[in-house]
Amino acid sequence: PLWQWTAGCVAILSFVANQALDASVLLHAGNQAHRFDGVGALSAGASSRLLWDYDDKARGQILDLLFKPRYGASLQILKVEIGGDTQSTDGAEPSHEHHEGDLDCSRGYESWLVKEAKKRNPDILTYGLSWGLPGWVGNESFFSAQNLKYQV
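Computed from a predicted model, the values in this text were never measured in an experiment.

**Q** What exactly am I supposed to notice about the overall build of the protein chain here?
**A** Counting its secondary structure elements, the protein chain contains 4 helices and 5 strands. Secondary structure of the protein chain in N-to-C order comes out as α-β-α-β-β-β-α-β-α. The buried share among the 152 residues of the protein chain stands at 36%. Considering only contacts within the protein chain whose residues lie at least 6 apart along the sequence, 65% involve residues at least 24 apart. When the accessible surface of the protein chain is totalled, it reaches about 10000 Å², and 58% of it is carbon and sulfur.

**Q** What exactly am I supposed to notice about the pattern of salt bridges here?
**A** For the structure shown, the criterion picks out 7 salt bridges. With a shortest N-O distance of 2.9 Å, E116 and K119 are connected by a salt bridge. Of the two residues, E116 and K119 both sit in helix 3 (residues 110–120), 3 residues apart, roughly one turn of that helix. Linked through salt bridges whose partners overlap, the residues forming this network are D64, E116, K119 and R120.

**Q** I tried to follow the nonpolar core on my own but got confused; where do I start?
**A** One recurring pattern in soluble globular proteins is that nonpolar side chains are buried together. Membership of the largest hydrophobic core comes to 18 residues, with the highest contact counts inside it found for L51, L63, F67, L78, W112 and L113. Considering every element that reaches this core, the biggest residue donor is helix 2 (residues 56–67), with 5 residues. Those residues within four positions of L63 in sequence are excluded, and the remaining contacts are L51, K68, W112, L113, E116 and R120.

**Q** How should the side chain of S43 be read in this particular structure?
**A** As for its position among the elements, S43 is in strand 1 (residues 40–43). A polar atom in the side chain of S43 sits 2.5 Å from the side chain of S48. Polar side-chain contacts of S43 include one of 2.7 Å to the side chain of E110. Beyond its immediate sequence surroundings of up to four residues, S43 is in contact with S48, L78, K79, V80, E81, E110 and L113.

**Q** What should I look at first to understand the packing of helix 2 against helix 3 in this one?
**A** Angle between the axes and distance between the axes: these two values describe a pair of packed helices. In contact at an axis separation of 9 Å, helix 2 and helix 3 are set at 65° when each is read in the N-to-C sense. Classified by the angle their axes make, helix 2 and helix 3 are roughly perpendicular. Seen from above, helix 2 lies across helix 3 with right-handed handedness. For the pair helix 2 and helix 3, the contacting residues are R59, G60, L63, D64 and F67 in the first and W112, L113, E116, A117 and R120 in the second. The residue inventory of the contact of helix 2 with helix 3, partitioned by class, reads 5 nonpolar, 1 polar and 4 charged.

**Q** Is there a simple way to think about a nonpolar patch on the surface in this case?
**A** Residues L42, L129 and W131 make up a contiguous nonpolar surface patch of roughly 270 Å² in combined accessible area. Looking at the element boundaries, L42 is found in strand 1.

What counts and how
Residues numbered from 1 in each chain as written. Predicted model: local features only at pLDDT ≥ 70, side-chain atom pairs only at ≥ 80, totals over all residues. Heavy atoms only, no water. Helix = DSSP H or I, 4+ residues; strand = E, 2+ residues; numbered from the N terminus. Buried < 20%, exposed > 50% of the residue type's maximum accessible area, 1.4 Å probe, protein only. Contact = heavy atoms within 4.5 Å. Areas by Shrake-Rupley, 256 points an atom, 1.4 Å probe, with all protein chains shown as cover. Salt bridge = Lys/Arg side-chain N within 4 Å of Asp/Glu carboxyl O. Core = buried A, V, L, I, M, F, W, Y, C linked by side-chain atoms within 4.5 Å. Polar contact = N/O pair within 3.5 Å; in protein donor to acceptor, adjacent residues only side chain to side chain. Axes fitted to C-alpha atoms, helices over the stretch in contact; angles between N-to-C directions. Parallel < 35°, antiparallel > 145°, perpendicular 65-115°, else oblique. Left-handed = near helix turned anticlockwise from the far one by under 90°. Nonpolar A, V, L, I, M, F, W, Y, C, P; charged D, E, K, R; others polar. Patch = residues over 30% accessible without salt bridge, like charges linked within 9 Å, V, L, I, M, F, W, Y side chains within 5 Å.

Here it is in structure tokens:
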């Protein structure tokens, strides 16, 4: 089942991460071009929606394995899809604004996932990225002033 597969992947990631703690890393203070922000994951394409189907205990264990510091995967970065009422991969993610002025940031599960991650690790970095837009936004163009307003 998916729960066992997920737990196995997290266990492998945890093992690899713990082994890496013993590694030496050479840093050059003068090199500002590249910065390591941490280990992260992406929630997009409606795949994280499957978390809601688990019972509370199993879901809590999976979330702990993903986000608790120094436990499991210990993710430090979470990027989520900003839903756009459109098919993005495995399913459609609801928009926070179906129609202009219809703002509700509690729709869907991505904001829920960010809250769960923050509960377990208040220092986690979070980002959002759109894969699609509702039809009313900028004549369905990403490159419009209306889309900037929608994203913010």
